[in-house]
Amino acid sequence: MKKLLLFLVFGMLWVSSLKAQQSQYMVFEFVKVENDQLFDYIEFKDLMEKVYRQALSDKRIKGWDFWSLQSGGDHSDFQYIMVTYYDDPVKMMNGLDEKSMMEYTRIAYPHLSSIQVSNLFQESLSMRDMPMRLYMREIAETNDNFQMKPGVLASFDLMKAKEGNFEAYEAAESEVFKPIHQKFVEQGLMGHWSLLRTALPLGSEAKSTHLTMNIYKDYMQFFNAQSYEDMTQTEEQRIAVNEGLNSRDQKWVYLATLENVVR
């Protein structure tokens, strides 16, 4: 009996460890570029794609996205969003140090000298500012096989759970909104949906606590989803949706188009 109990305990620990290893962590970097440098920045994002592709080969990251902002709150503060994917919170917090970035730049541009690589890298850093960075952990997602590729559309919805409603809000997203988005995926009205929670401790003054990613293959799918009305929704389901909406504040919604992707 004791052996069976120990076996069950170790089994539960192993499953818990496996789930932790499968968790996805993401860093969102909101990028501001001065208007007179926008053309040069096009070259920068292509450089970054090559650098992050090397980081992926080195298993330092799981992926990287470069999004061009179409609309959203404080739109004048940033024009782009970079998202870097990790499978480990420590890797996420450490990120890619400048030495590694320089080395990956050198590998990506083998025809350049060390001085040229250094100048290229420093010039790329000087032309942009990152006024906001979010460290997030994915806690729920739809079941799909959506493939990220340039041209994909996304809305990044920054949420703040209301005081005392943190657990209620997450329950609403997982139990009420996730099934709705899963239905959208199955009906061809959406490509992917996920809920992310901030990975760092935050106080009551934090601007946001969660983020949802709503991914669409194109504008046609996006507008079809916006105009869809579920006529089969029951009164009980409508009440649950309203309660979920009331458990959080929707701070900002950023609409963006995917320009570069590394997987």
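In the nomenclature of an unreviewed UniProt entry, the chain is known as NIPSNAP protein of Algoriphagus yeomjeoni.

A. Highlighting the sheet that holds strand β2 (residues 63-71). Spatial strand order, β1-β3-β2-β8-β5-β7-β6-β4: 8 strands in a closed barrel with antiparallel pairing. Taking each pair of neighbouring strands and ignoring which way they run, the sheet shows an average axis angle of 35°. Pairing of strand β5 (residues 153-161) with strand β8 (residues 248-262), which is carried by 9 bridges, proceeds in the antiparallel orientation. By the bridge assignment for β8, Ala154 is matched with Ala256.

B. Fine view of the confidence of the model for the chain. On average, residues of the chain carry a pLDDT of 84, and 87% of them reach 70 or more. The least confident element of the chain is helix α1 (residues 2-22), whose mean pLDDT is 44; the most confident is strand β6 (residues 192-198), at 97. Considering only residues more than four positions removed or in separate chains, one finds that residues 1-21, a stretch of pLDDT under 50, has 1 contact.

C. Geometry of helix α6 (residues 166-186). Counted at 1.5 Å a residue, the expected span for α6 with its 21 residues is 30 Å, and the 29 Å between its end C-alpha atoms agrees. Its axis deflected by about 40° at Phe177, α6 carries its strongest bend there, up to four residues before the proline Pro179.

D. How the structure looks around the nonpolar core. Ranked by internal contacts, the top residues of the largest apolar core, which has 26 residues, are Tyr41, Met48, Tyr52, Trp64 and Met101. Contributions of two or more residues to this core are made by β1 (25-32), α2 (38-57), β2, β3 (80-86) and α4 (98-108). Broken down by element, the residue count for this core peaks at 7 residues, all from α2. When sequence neighbours within four positions are dropped, the list of residues in contact with Trp64 reads Lys45, Met48, Glu49, Tyr52, Met82, Val83, Thr84, Tyr85, Asn260, Val261, Val262 and Arg263. Counting 25 residues, the second-largest nonpolar core is a separate cluster that includes Tyr85, Leu211, Tyr254 and Ala256.

E. Layout of the packing of α4 against helix α5 (residues 114-126). At a closest axis distance of 10 Å, the pairing of α4 and α5 adopts a crossing angle of 120°. What the angle tells us is that α4 and α5 run oblique. When the axes of α4 and α5 are compared, the crossing they make is right-handed. Along its contact with α4, which presents Glu98, Met101, Met102, Thr105 and Arg106, the element α5 presents Val117, Ser118, Leu120, Phe121 and Gln122. Class assignment for the residues of the contact of α4 with α5 results in 5 nonpolar, 3 polar and 2 charged.

F. Main features of the packing of aromatic side chains. Scanning the entire structure with this criterion turns up 12 aromatic pairs. With a centroid separation of 5.1 Å and an interplanar angle of 55°, the aromatic rings of Phe30 and Phe78 are classed as tilted. Taken together, the residues Phe30 in strand β1 and Phe78 in the loop between β2 and β3 connect sequence positions 48 residues apart. Across the pair, Phe78 and Phe30 agree in class, each one buried. Clustering of aromatic rings is evident, with ring pairs tying together Tyr52, Trp64, Phe66 and Tyr80. Just above the ring of Tyr85 sits the side chain of Arg263; from NZ or CZ to the centre is 4.3 Å.

G. Highlighting the pairing of β5. In terms of burial, β5 is largely enclosed, as 9 of its 9 residues are buried. Taking every second residue as pointing to the same face, both faces of β5 are buried, with Leu153, Ser155, Asp157, Met159 and Ala161 on one and Ala154, Phe156, Leu158 and Lys160 on the other. Pairing analysis gives 7 bridges linking β5 to strand β7 (residues 210-216), with the strands arranged antiparallel. Of the residues in β7, the one forming a bridge with Met159 is His210.

H. Broad picture of α4. For α4, the set of buried residues is Ser100, Met101, Tyr104 and Thr105. Buried residues of α4, seen end-on, are gathered within an arc of 140° and therefore sit on one face of the element. Where α4 begins, the capping side chain belongs to Asp97, and its oxygen is found 3.1 Å from the backbone nitrogen of Lys99.

Rules used in this analysis
- Counting restarts for each chain, with residues numbered from 1 along the sequence as it is written.
- With the structure being a predicted model, the display of local features is reserved for residues of pLDDT at least 70 and the display and counting of side-chain atom pairs for 80 or more, all residues being used for whole-chain, interface and lining totals.
- With hydrogens and water set aside, each side-chain value is computed from the structure's full complement of heavy atoms.
- The pairing criterion for strands is at least two bridges between them, as found by DSSP.
- Counting from the N terminus, the helices are DSSP H or I runs at least four residues long and the strands are E runs at least two residues long.
- To define axes, lines are fitted to C-alpha atoms, for helices over the stretch in contact only, and angles between the resulting N-to-C directions are given on a 0 to 180 degree scale.
- The quantity known as pLDDT measures the predictor's confidence residue by residue, on a range of 0 to 100.
- Contacts are assigned to residue pairs that have any heavy atoms within 4.5 Å of one another.
- The span expected for a helix works out to 1.5 Å for each residue beyond the first.
- Bend, at a single residue, is the angle you get between axes fitted to the 7 residues ending at that residue and the 7 residues starting at it.
- We call a set of buried residues a nonpolar core when its members are Ala, Val, Leu, Ile, Met, Phe, Trp, Tyr or Cys and they connect through side-chain atoms within 4.5 Å of each other.
- Type-normalised accessible area, obtained with a 1.4 Å probe on protein chains alone, sets the label of each residue: buried when under 20%, exposed when over 50%, and partly exposed for intermediate values.
- Between 65 and 115 degrees an angle is taken as roughly perpendicular, under 35 as roughly parallel, over 145 as roughly antiparallel, and anywhere else as oblique.
- Helix crossings fall into two classes, left-handed where the near helix is turned counterclockwise from the far one by less than a right angle and right-handed where it is turned clockwise.
- Think of it as three bins: nonpolar holds Ala, Val, Leu, Ile, Met, Phe, Trp, Tyr, Cys and Pro, charged holds Asp, Glu, Lys and Arg, and polar takes everything else, Gly as well.
- Centre distance within 6.5 Å is the pairing criterion for rings of Phe, Tyr and Trp, where only the six-membered ring of Trp is used; planes under 30 degrees apart are then read as stacked, over 60 as edge-to-face, and the remainder as tilted.
- Lysine NZ or arginine CZ positioned within 6 Å of the ring centre and within 35 degrees of the ring normal marks a charge as sitting over the ring.
- Directions are taken from the helix axis to each C-beta atom, and the arc is the one they span.
- We define a polar contact as two N or O atoms separated by no more than 3.5 Å, with the added condition that, inside protein, one atom must be a possible hydrogen donor and the other a possible acceptor, whereas residues neighbouring each other in sequence contribute only through side-chain atom pairs.

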